[in-house]
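Now for the letters of each chain:
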Amino acid sequence: MLEKLNNLQRTHICGELHAGDVGKEVVLMGWVHRRRDLGRVIFLDLRDHSGLTQVVFNKEANLELHRKADRTRPEFVVAVEGKVVKREKTNSKLPTGEVEVVASKLHILNTAQTIPIPITDQLKASEETRLRFRFLDLRRAPMQRNLRLRHRVVLALRHYFDQEGFCEIETPFLTRSTPEGARDYLVPSRVHPGQFYALPQSPQIFKQLLMISGFDRYFQVVRCFRDEDLRADRQPEFTQLDLEMAFTTPDAVFRVVEGALTKACAAADISVAPPFPRLTYEEALARYGTDKPDTRFGMELVDVSAVFEPARETLQISLPVHALVAPGAAGFSRKQLDELSEFVKSQGASTLYTAKVKEQGIESPLKKALGETGLNRLRELTGAGANDLILAVPANKPAGADRPHAAAATALGALRVRLAAQLQLIPANQWNFLWVTDFPLFDWSETENRWVSSHHPFTAPADDDLNKLESHPGQVCSQAYDLVLNGSELGSGSIRIHDPGIQQRVFSALGLSSREASERFGFFLQALSFGTPPHGGIALGIDRIVALLAGESSIREVIAFPKTTAAQDLMAAAPSRVDPEQLRELGLWGNKRVLDCACGGVWQVEFEKYSMGEKSGVEVTCPVSKQPVHLPVGGRWRAEHWDPASRKWTEAAGQ
RNA sequence: GGGGACGUAGUUCAGUUGGUUAGAACGCUGCCCUGUCACGGCAGAGGUCGCGGGUUCGAGUCCCGUCGUCCCCGCCA
């Protein structure tokens, strides 16, 4: 029998009792974490988010009570009334280990079935099981810690931005689809059949409009949506700390963000010292082979094109060639080298050259092509010492005159990070924030055969490069910047275009005619023409920041209810089929038809051809009535039967 | 869209060259136990080997397909 709470209230939480509380009558509530039944004495560990307290039930002191305690099972919800006493033997593993509660009353508030995953810190369950039973997974202390850390970080940020004069303003979730950028999540409009809202990839345009409106310091903790493939650090919905400032410069944005990150880190008891170092995009790529370098370790890339130049024909490679040194890795086995080679190829490189620097000389498959002298020069250039391993990767394609960024050694950059981890060269507890600046304004898209924004189309070009906007778009530098922490991109921002003329020129460089531009961004272009202050800002990835501060490698560990890599919610079973009536209401059929079935259900038919003739078409069997049904479809088709009684879809077979 | 790893009891895993009734630990159930704290002891229950097909006298094991989870490339302004 379950008991009511009545007017009973907790006097303490489970993690706070200590020696000073001895003698107090207390009321605790929580979950039965563990029951240790020793026969005439039963110990219950009572758990809530704050910790554990041991509760004792003695058979001789109170037979009824002891029997009740005997009925409890793990994860039962109980209330305990009793007296705090000092323990006979202290348990030094528990913060409450000096005391225990001698129960005088036990209220079983709820029972629990045997749980599929144990509530332990070091859980071995698969992520699939954890996600299916996320509500139980979240009972575990590490998840409680992560989500409470997230709360403190967001709270600290909100407090900071408030103090800095920022105003939090909500922007719409149901908005207009933007042509540039990630794939949109679409929401059908019932009132306007065939038309759609898009969920925002970011509140970019709205925050710029707020600048035009005179809210000169805006911020928002905001959910963003992108319908792209997932990764450990990418979810279809994620949270940004979005901010924008009028009358600002990159330096001013950096100062504000550095202050914010200092507070966010402090919430995790981590101290950081601004200002953060800066690196240009060019330099980051040249030295680290990535635009988000992890600067906690060295192993920087070296351009060794000069050494490979003479052997260019023999090796059939393009220049430039970049190299890096793996310290102390000259002893790597053939198998290990093969693995590294596999890895760089998976990262898009054509080949990996290796050279082992040994006492007796340099061992390398390049010996024939480069000669002794070449290898020695390679060693000098890279600064490799005895027992080091030199790794070199040639460019896939030579750098085009108009595209100086195209031949970056990104595969080698990925190898650098992998090797540093493998060789354990990455120091723990180091927080290397970094600004990466001067990104190119455009990237060339091979698939679309046009220039695309490398940040977004509202990013301001560098003042000095305005004259190249039409002639050499690939050489135009932008006023965009990224915030990087330990090799992770935490945020991305820019100074925006506030001149409608320049905005038009950027649109046309992107291949958007002025007609298309005004169709898609007309309201925005118009707004720019009504007195827009110079402005800029940034958006910080809250999930990534909290994951790093929590020491987690996946943002799923800091999101209460995340989705799988197939963008599904295993607990809620989303996405899901919907009632055909809902689709009908939204006008979402396309080349589908809904046909009534004699059984009272409906057929949802997807087809290539639709014919009204009785002779053409297909015969299928109604899964409810088992009667044959004629569907007037031809070509490739697919039909499903919806039975409203059982609320079940059945795929039809037939021909 | 492509590559890789994995899928066996509630959970985490083992399972030999294809061969009798698929095992272990934890968890669960029952009994015993007065100071445990990952309590201990004894007994017991628990399996569509993800799913479908194929090869074979015989498949958890081999082959094909499919579904699911994770990692990476592409993609992610």
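One can find the structure itself at the top, above this paragraph.
Fair warning: this is a prediction, and the values are worked out from it, not measured in the lab.

1. Some points on the packing of aromatic side chains
What the rule picks out here adds up to 17 aromatic pairs. Relative to Phe135, the ring of Phe133 has its centre 6.3 Å away and its plane inclined at 80°; by these criteria the two rings are edge-to-face. Site record: aromatic cluster; members linked through ring pairs are Tyr160, Phe161, Phe166 and Phe219. If you follow Arg418 out to its NZ or CZ, it ends over the ring of Phe343, 5.1 Å from the centre. One residue, Arg577, lies across the ring of Trp649, its end atom 3.9 Å from the ring centre.

2. Quick notes on the sheet that holds strand β20 (residues 480–485)
Read from one edge to the other, the open sheet built from eight strands follows the order β6-β9-β10-β22-β21-β20-β17-β11, with strand pairing classed as mixed. Every other strand in the sheet has two partners, leaving β6 (167–168) and β11 (278–280) as the edge strands with one partner each. Across seven bridges, the pairing between strand β10 (residues 237–246) and strand β22 (residues 535–541) is antiparallel. From the neighbouring strand, Leu241 faces β22, where its bridge partner is Leu540. In this fold helix α7 (residues 281–288) packs onto β11 and β17 (433–437), with an angle of close to 85° to the strand it touches most, β11. The strands that helix α15 (residues 542–550) touches are β10, β20, β21 (488–495) and β22; relative to β22, the one it contacts most, it runs at about 50°.

3. Concerning α7
The set of residues buried in α7 consists of Tyr281, Ala284, Leu285 and Tyr288. Taken end-on, α7 shows its buried residues confined to a sector of 105°, consistent with a single buried face. Just downstream of α7 lies Gly289, where phi reads positive at about 70°.

4. Looking at the protein's contact with RNA strand B
Taken together, 49 residues are adjacent to RNA strand B, and Asp37, Glu60, Ser453, His455 and Thr565 come closest. Within 4 Å of the protein, the atoms of RNA strand B are drawn from sugar and phosphate moieties in a proportion of 58%. Separating a base oxygen of RNA strand B from a side-chain N or O atom of Arg231 is a distance of 2.9 Å. Separating a phosphate oxygen of RNA strand B from a side-chain N or O atom of Thr564 is a distance of 3.0 Å. Elements supplying a minimum of two residues to the surface near RNA strand B: β1 (25–37), β2 (41–48) and α2 (127–132). Here the surface near RNA strand B is built from residues that sort into 11 nonpolar, 18 polar and 20 charged.

5. Things to note about the side chain of Asp543
Relative to the helices and strands, Asp543 is located in helix α15. For Asp543, the side chain forms a polar contact with the main-chain nitrogen of Thr239, separated by 2.8 Å. With sequence-adjacent residues up to four places away left out, Asp543 is seen in contact with Arg150, Phe238, Thr239, Ile555, Val558 and Ile559.

6. Things to note about the sheet that holds β1
If you trace the five strands once around the closed barrel, you get β1-β2-β3-β5-β4, paired in mixed fashion. Neighbour-to-neighbour, the strand axes of this sheet turn through a mean angle of 55°, independent of strand direction. Judged from the six bridges that link them, β1 and β2 form a sheet pairing that is antiparallel. Counterpart to Arg34 in the pairing with β2 is Asp45. Strands β1, β2, β3 (51–58) and β5 (99–110) of the sheet are contacted by helix α1 (residues 63–71), whose axis makes an angle of about 65° with β5.

7. Some remarks on the pairing of β1
Looking along a regular strand, one sees side chains alternate from face to face of the sheet. With seven bridges joining them, β1 and strand β4 (residues 77–86) adopt antiparallel strand pairing. Bridged to Met29 within β4 is Ala79. Where β1 folds back on β2, the antiparallel hairpin that results is connected by three residues, among which Gly39 adopts a positive phi of roughly 100°.

8. Here we look at the packing of helix α13 (residues 500–509) against helix α14 (residues 514–528)
Geometrically, a packed helix pair is captured by the angle between its two axes and the distance between the axes. Where α13 meets α14, the closest approach of the two axes is 11 Å, and the angle between their N-to-C directions is 155°. In terms of their interaxial angle, α13 and α14 are classed as roughly antiparallel. In this structure, the crossing between α13 and α14 has a hand that is right-handed. Contacts between α13 and α14 involve Pro500, Gln503, Gln504 and Phe507 on the former and, on the latter, Ser514, Ala517, Phe521, Phe524, Leu525 and Leu528. For the contact of α13 with α14, the per-class residue count stands at seven nonpolar, three polar and no charged.

9. Side note on the pattern of salt bridges
Scanning the model with the defined rule gives 37 salt bridges in all. Note that Arg150 and Asp543 form a salt bridge whose closest N and O atoms lie 3.0 Å from each other. Residue Arg150 is located in helix α4 (residues 141–163), and its partner Asp543 is located in helix α15; the two are separated by 393 residues in the primary sequence. Residue classification places Arg150 among the buried positions, given a relative accessible area of 14%. Each member of the salt-bridge network shares a partner with another, and the members are Arg130, Arg134, Asp137, Arg140 and Glu557.

10. Describing unusual backbone geometry
For the bond from Leu319 to Pro320, the omega torsion is 0°, close enough to zero to count as cis. Relative to the assigned elements, Pro320 resides in strand β13 (residues 318–326). Put simply, Ala574 and Pro575 share a cis peptide bond, and its omega is 0°. By secondary structure assignment, the location of Pro575 is in the loop between α15 and α16 (580–586). Its identity is not glycine, yet Phe247 carries a phi of approximately 55°, on the positive side. Considering the arrangement of structural elements, one finds Phe247 in the loop between β10 and α6 (250–266). Positive phi, normally seen in glycine, also occurs at Lys626, with a value near 65°.

Rules used throughout
The numbers attached to residues start from 1 for each chain and follow its sequence in the written order. Whichever chain is written first is A, and whichever ligand is written first is 1; the rest continue in order. In keeping with the predicted nature of the model, local features appear solely for residues at pLDDT of at least 70, side-chain atom pairs appear and are counted solely at 80 or more, and the whole-chain, interface and lining totals rest on all residues. Heavy atoms from the whole structure form the basis of all side-chain values; hydrogens and water molecules are not counted. Two aromatic rings from Phe, Tyr or Trp, using only the six-membered ring of Trp, form a pair when their centres are within 6.5 Å; if the ring planes differ by under 30 degrees the pair is stacked, by over 60 it is edge-to-face, and anything between is tilted. Here, over-ring charges are defined by two tests on the NZ atom of lysine or the CZ atom of arginine: distance to the ring centre within 6 Å, and angle to the ring normal within 35 degrees. Two strands qualify as a pair provided that DSSP identifies no fewer than 2 bridges between them. Each helix is a run of DSSP H or I of at least 4 residues and each strand a run of E of at least 2, with the numbering of both proceeding from the N terminus. Any two residues having at least one pair of non-hydrogen atoms within 4.5 Å are treated as being in contact. Axis lines are fitted to C-alpha atoms, over the contacting stretch for helices. Their N-to-C directions set the angle, which ranges from 0 to 180 degrees. With a 1.4 Å probe rolled over the protein chains alone, any residue whose accessible area is under 20% of its type maximum counts as buried; one over 50% counts as exposed, and the rest are partly exposed. Directions pointing from the helix axis toward each C-beta atom define the arc. For each residue, the test is whether any non-hydrogen atom lies within 4 Å of the molecule or strand; if one does, the residue is near. Each polar contact in these results corresponds to two N or O atoms within 3.5 Å; when the atoms are within protein, one needs to be able to donate a hydrogen and the other to accept it, and residues that are neighboring in sequence are counted only if both atoms are side-chain atoms. The nonpolar class holds Ala, Val, Leu, Ile, Met, Phe, Trp, Tyr, Cys and Pro. Asp, Glu, Lys and Arg form the charged class, and all remaining residues, Gly among them, are polar. Roughly parallel refers to an angle under 35 degrees, roughly antiparallel to one over 145, roughly perpendicular to one between 65 and 115, and oblique to any angle outside these ranges. Whether a crossing is left-handed or right-handed is set by the direction in which the near helix is turned from the far one by less than a right angle, anticlockwise for left-handed and clockwise for right-handed. One side-chain nitrogen of Lys or Arg within 4 Å of one carboxyl oxygen of Asp or Glu is enough to make a salt bridge.

Distances and angles like these do not, on their own, reveal function.
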